[in-house]
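# Per-entry structural report
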Amino acid sequence: MHRKRNSVWNTPVSSDAIGSATKPLNSFTHVEAAGWGRGLSTLLRITRMNLRHPWQVAFAIGSTLVAVILQLLIPKLLGQAVDQTQTAIRGGVTGAAAEQALWISALLLLAVSALRGLVTMMQNYFAEAVGHHVAYELRLACYEKIQRLSFSFHDHVHSGDLITIGLLDLEGVRMYFSTALVRALLLTMLIGIGAYMLISTDPVLGLVALSFVPFVAWRSSVTQLRLRATWLDLQERVSVLSRVMEENLGGIRVVRAFAAQAYEMLKFDRASKSALDLAHDRVDIYVPNTSAMTLSFFFAMGLVLWIGGNKIIAGEISVGTLATFLTFMTILQMPVRQIGLMVNAFARASTCGSRLFGLLDQDITIRDAPDARPLEISEGTLRFDNVSFAYPSTETRPIVKNINFEARRGETIAIVGPPGSGKSTMAHLIPRFYDVIEGAITLDGQDIRKVTLATLRKAVAVVQQDAFLFTTTIENNIAYGDPWAKEQRIERASESAQLHNYILGLPAGYETVVGERGVSLSGGQRQRLTIARTMMLRPSVVVFDDSTAAIDAATEQRIRAAMRRFAKERVTIIIAHRLSSLMHADQILFVDNGEIVERGTHEELLAKRGRYKALYDLQMRSE
Amino acid sequence: MAQEDADELEGERNNVRDDGRRPPRAVVGSHRIEEEMFGRAFDQNVIRRIWAFARPYKAKLFISVSALLIFTGTQLLIPLIIRYAIDHGMAPGGIDHSYLLAAAGAFLLAILVNFAAGYTQETVVGKTAENVLFDIRRAMFARLQRVSLSFMDKTEVGRLMSRLQGDVNSMHEFLENSLYSVGDIALLFGIVFVMLWLDFRLGLVTLSVLPILFIVRIFWLPRARDAFMAAHETNSVANGALAEAIHGVRTVQSMERQQVNFILYDDKAHANLRTHLIAAKYAQVMVPIVDGLTGLAMAVVIVVGGSMIMNGRIDVGVLVAYLFYIQRFFDPIRSLTLQYSIMQRAMASGKRLTDVLDVKIDVQDKPDARALSPEMDGSVEFRNVTFGYNPNHPVLKNVSFRVHPGETVALVGPTGSGKSSAMALVHRFYDVQQGQVLVGGHDVRDLTQESLGRQVAMVLQEPFLFTGTVFDNIRYHKTEATRDKVIEAAKAVGAHDFIMSLADGYEAQLGERGGNLSLGQRQLISFARALVADAKILVLDEATANIDSYTEMLIQKALIKLLEGRTGLVIAHRLATVRGADRIIVLQNGQVIETGNHDQLMAAGGLYSKLYNLNYASFDDIPEEELDASAQADSQT
Ligand SMILES: Nc1ncnc2c1ncn2[C@@H]1O[C@H](COP(=O)(O)OP(=O)(O)OP(=O)(O)O)[C@@H](O)[C@H]1O
Ligand SMILES: Nc1ncnc2c1ncn2[C@@H]1O[C@H](COP(=O)(O)OP(=O)(O)OP(=O)(O)O)[C@@H](O)[C@H]1O
Ligand SMILES: [Mg+2]
Ligand SMILES: [Mg+2]
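As named in an unreviewed UniProt entry, chain B is Multidrug ABC transporter, taken from Mesorhizobium temperatum. For the record of chain B, the UniProt heading Subcellular location (unreviewed entry) holds the text "Cell membrane".

Right, dumping it as structure tokens:
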């Protein structure tokens, strides 16, 4: 499994290799040059990935070559047959001999066509197979990468964009082998050899017959490149439209609560219109050009007919030769038009590929250090040593400043503070969702950056403030972190979280499917589900990030009672706003603006008469 | 006990992992049953509905069909002109060029007409199909704005999105293709006709190849269709799993599920690869067959036609024309049979689209619904309301209470007791099963939803923010709200300071769902949004649950002035939040069990006072027995 994955993340092409390959002709834009350079290196990289399936590639290419030759034989045979009839009419040969010659031509034609079909089948199949295999590898690589990329990456990349990469861009790369590489080979050979054969038969007529080729190749490439450019734009506009729809549906309760349907329709119409307009523009780019291409083709055919006709009259060529020319032209018509598609496929693969590789080459900022060792828990002591942190987007403004505290197994640390004071951020530092900027967090003296991520995250569980539930059964959701768990353990966890009775009351019990983000559960039920899910793990440090806010005090008490034993085994950190949730803690930290402004036990803090006391008075005073 | 558990568990884990079995309880992606991909090829009802969307473009469709027919006609004509030229204008050694000239002239004319017709038809078809596509999507989206929330609760956003994108696109493909198949049919018949007309016998012999293709296609189609369907299905399964990984990535990482998920995903990706390879085989196997048949037809023409030429029965031009026609002749058949599967797929998509367009709107304005005037008094009344998401399991049972104009009333109670549901009824997200909800003295069912919505502003339990700036989010649909008003609201909820500390202040872009803010900050913004809505009734569902009491106190102070004369409905678990309310209603298990102000309820010594005291005391002080007692009392809920 692992090897397979690594094979996809091949090292990018070294930069000077690209540099020499694509020296800009005149260096008026560095940007342009860089763009082409990167495009080329992307294509090389995809090609290398294709070559990792050498047998299939060899079959595809071999059969392409054979297919071209067979394809070109067909007009020859047709022309030959026509001429045979002509000679027979003019009495050149006896009837029987002519019949026989016709039979031979006919059988040859049949054999060549059938064979060509077979070879084309192989060509297409193997070309597609290469693409599908590469797509499979890339799919796995993307999935793995997305799963591993750190929170800060996901913070600034919209999920819709990642989905686009995983769906559309991957498709563009998949199609590269069959629609760009193999087709390029096919077209060069077909047009090249075809042109040679025509011109060597009759230079004038040959040139006339081919006169449409340069025009069509040019128009078709230009058109496809323009379509390509607008396609990117269209994709952008369509993704705006998708976002409008998706957010509307996801936030439908907000939309309804504000009776904002009209406003949402307006937003939709705006996005929709901009996409529609561009779609129309694309039709306007596409149609005139394809029509002009067809016209030029037919025009050349007319010329061949006229000039060829005159030549026949003059006795310079036979009717069969004319038939050969005309058939050749029909055979070449499609491939020549496909030049544009091929150019498009190259362009598409290079844009899609560079986006896809952009994702795959992302640095995973949070990963095991080279000498990382498994975390070993003995005492189970968590320490914050002068910890400071800022998000990449808030560089200038530290969110957490100089935090120090220590918690031993069985102890409870409580954190209170106004919104945005950095409580959740502190919690996210312990399992290394983000890395501290200064200071260190240690578990039993081991810096968390020096132990393996997997063991660390097993040892630290965070009940997230806004819970994500998966669209699957309640049972699977509870067992998410431990899918091997026995049923009794799942039930015990949900009993501790005071959810068991409720679940039993549901018609489908534990098999009830809970929807996205858990609609159809009440806020408190959702929170209890996440608590149960966390209790399935066996962490040494557990953080409850405001996870009882939507649970009434009585239920919360029961949860805590059930968890007493659970808490004895580990360090518990509670972030809460309701003081009754945390006043039993061994140490309470009051944070504001990322700093600890007060600390101590409940009694000590009350005695201090500071901000904690003020909070206490607000919640407890009995007017 | 916990330790035992752990040991038992560790042992179990290792065993299972070593022999590489899949974990029994792990899935990636929602494993819903895939919808039918191929419907009946022809579903009258669906056709009628889709036709309704095409009807506005009738004139354009007429133009494009005519252009298409002309286009096909010129395509048929060109080989005939060539034939004419060969047979009449190219006698070797001839001196009369007029036939050739005439042929060339005719050819030029034909290709010009071909150009014009092709141009017209492609432009019109291309644009019209896009228009229809966007119209259908708009109609669906508009429908979804009106369908009842109970439908939306049940339906995943991802699934609706695939309706709005995938299914609409396959409809688009169908529309375009069905026009082209008109052309294909015309071409096929045209070719058959012209071939027979040129020479009946030769035509008949050549055409005898056709049935072979039909027979092959009949055997091929069902199998190929299954293969295509499997490929499509595994594809959407794999994509669904990817989408889930993206949305749930934070949970995946915090639960260390990456490895398990990767293995599971690999299964799906591999199934996807396998089915695609099979589908490719089925698609490609037709190539040699069609090519072979083309070769056969050409061979027949050469042998039979050739001897006819030698007998002087036909001219050589006919033979050349035949060879032209044969090369074109399998195209329409090929695309028509493909058309059949496109059509089936489109019918399935069309069916799903019409399902969305036809979702019953349970909550609908009455024909004579009245607009709720902003001057109404702001009272809210529940009269014997019974309501449940599932009619057999009422969530609210015979609930009655009244909130007088300008009052602030709190709803408290254990989790799942129906508080949020009751608030949803004020806004008529759902219709009650029994009883009445009155706002401003009118049954909400007699009012237009629009006017009701404008007078009831809500802060929902789950703050939801849109992509965009902070300013846009606070202002939301009140586009007429001034900047001052937005800032005033932000100040009132204490959000102004942190907004100003963001890099671009009010113009700062929020991440997806406001991800770059803390939850409390998101809640404040959604609170501010409700204030800007400037409604007579304000519903706060746990609006300050994730906010500390001090900030909350500041908000409450600021609100006193802002909310003068307005009615407030407040839900909170932190009872301190609601202590000051004019009245407190205690819900348990969907029933109102106590009402009164704080002091009255405390004196009564019921559930409220119990909850309040729990809030108050540290739980270490509560004796076990009491906890057990309260556990028992509530386990009946
Ligand atoms: N959309 C829904 N579809 C089906 N059932 C639902 C839906 N929303 C809530 N429920 C169920 O209705 C009951 C009442 O839920 P409600 O959200 O009203 O509770 P609540 O009092 O607000 O609880 P909390 O304090 O936990 O938010 C719960 O059992 C819940 O599971
Ligand atoms: N992903 C992020 N990117 C950038 N800034 C962030 C991100 N998450 C939070 N912040 C900012 O960091 C600060 C601290 O946020 P944090 O979530 O830690 O607050 P909190 O104390 O948990 O607040 P609350 O009580 O509201 O949950 C806030 O100002 C917030 O805007
Ligand atoms: Mg937080
Ligand atoms: Mg609720």
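This is not the end of the story, as more comes after the structure.
Here the focus is the overall build of chain A. Regarding its fold elements, chain A presents 21 helices and twelve strands. Each principal axis of the C-alpha distribution contributes one length, and for chain A these read about 125 × 60 × 55 Å. The buried share of chain A, reckoned over its 623 residues, is 61%. Carbon together with sulfur atoms contributes 59% to the accessible area of chain A, which is approximately 24,100 Å² in total. One way to put it: in chain A the 65 positive side-chain charges average out to a point 2 Å from where the 57 negative ones average out.

Turning our attention to the pairing of strand E6 (residues 460–463) of chain A. Residues and elements named next belong to chain A. Side chains of E6 alternate between two faces, with Val460 and Val462 and Ala461 and Val463 buried alike. Bridging between E6 and strand E9 (residues 541–545) involves four bridges; their strand directions are parallel. Pairing of Val463 across the sheet is with Phe544, part of E9.

Right, let's talk about the domain arrangement of chain A for a bit. Residues and elements named next belong to chain A. Domains assigned within chain A are domain 1 (24–202 + 347–365), domain 2 (211–316) and domain 3 (382–622). Each of domain 1 and domain 3 has a C-alpha centre, and these two points are 55 Å apart. With five residues of domain 1 at the contact, the number on the domain 3 side is six residues. Carbon and sulfur atoms make up 62% of the area that domain 1 and domain 3 hide from each other, which totals about 380 Å². In this assembly, domain 1 and domain 3 are joined by zero salt bridges.

Applying the stated criterion to the full structure yields 44 salt bridges over all chains. A salt bridge links Asp482 of chain A to Arg489 of chain A; the shortest N-O distance between them is 3.6 Å. Overall, the relative accessible area of 0% leaves Asp482 of chain A in the buried class. Its salt-bridge partner being Arg483 of chain B, residue Glu507 of chain B comes within 3.4 Å of it at the nearest N-O pair. Of this pair, Glu507 of chain B sits in the loop between helix H16 (496–501) and strand E8 (509–510) while Arg483 of chain B sits in helix H15 (residues 483–492), and the two are 24 residues apart along the sequence.

Around ligand 1, the surrounding shell holds 22 residues, and the nearest of these are Tyr502, Gly524 and Gln525 of chain A together with Ser420 and Ser421 of chain B. Positioned at a junction of chains, ligand 1 has nearby residues supplied by chains A and B. One of the backbone N or O atoms of Gly523 of chain A is found 3.4 Å from an oxygen atom in ligand 1. Protein chains bury 89% of the 630 Å² of accessible surface belonging to ligand 1 in isolation. If you list the elements that add at least two residues to the shell around ligand 1, you get helix H18 (523–535) of chain A together with helix H12 (419–426) of chain B. Considered class by class, the residues forming the shell around ligand 1 number six nonpolar, 13 polar and three charged.

Turning to the coordination of the magnesium ion (ligand 4), a few remarks are in order. Each donor-metal-donor angle in an ideal tetrahedron of four donors is 109.5 degrees, and each such angle in an ideal octahedron of six donors is either 90 or 180 degrees. Residue and element names in this part refer to chain B. With distances of 1.9 to 2.2 Å, the protein atoms coordinating the magnesium ion (ligand 4) are Ser420 (OG) and Gln461 (OE1). With Ser420 in helix H12 and Gln461 in the loop between strand E6 (456–459) and strand E7 (468–469), this pair connects stretches of sequence that are 41 residues apart. Residue classification places Ser420 among the partly exposed positions, given a relative accessible area of 32%.

What follows covers the interface of chain B and chain A. Each side of the interface is counted separately: chain B has 190 residues, and chain A has 179 residues. When the two sides are added together, the surface that chain B and chain A hide from each other amounts to roughly 17,400 Å², 65% of it contributed by carbon and sulfur. In this assembly, chain B and chain A are joined by six salt bridges. Between Arg250 of chain B and Asp155 of chain A there is a salt bridge, with the nearest N and O atoms lying 2.5 Å from each other. At 31 residues, helix H10 (residues 258–310) of chain B tops the list of elements feeding residues into the side of chain B that touches chain A.

What counts, and where the lines are drawn
Residues numbered from 1 in each chain as written. Chains lettered and ligands numbered in written order. Predicted model: local features only at pLDDT ≥ 70, side-chain atom pairs only at ≥ 80, totals over all residues. Heavy atoms only, no water. UniProt positions renumbered as here; feature names shortened; annotations may be inferred. Helix = DSSP H or I, 4+ residues; strand = E, 2+ residues; numbered from the N terminus. Buried < 20%, exposed > 50% of the residue type's maximum accessible area, 1.4 Å probe, protein only. Areas by Shrake-Rupley, 256 points an atom, 1.4 Å probe, with all protein chains shown as cover. Lys, Arg positive; Asp, Glu negative; His and termini not counted. Charge placed at Lys NZ, Arg CZ, Asp CG, Glu CD. Pairing = 2+ DSSP bridges. Domains from an automatic or database assignment. Contact = heavy atoms within 4.5 Å. Buried area = accessible area lost by both parts, 1.4 Å probe. Salt bridge = Lys/Arg side-chain N within 4 Å of Asp/Glu carboxyl O. Near = heavy atom within 4 Å. Polar contact = N/O pair within 3.5 Å; in protein donor to acceptor, adjacent residues only side chain to side chain. Nonpolar A, V, L, I, M, F, W, Y, C, P; charged D, E, K, R; others polar. Donors = N, O, S within 2.8 Å, 3.2 Å for Na, K, Ca; no water.

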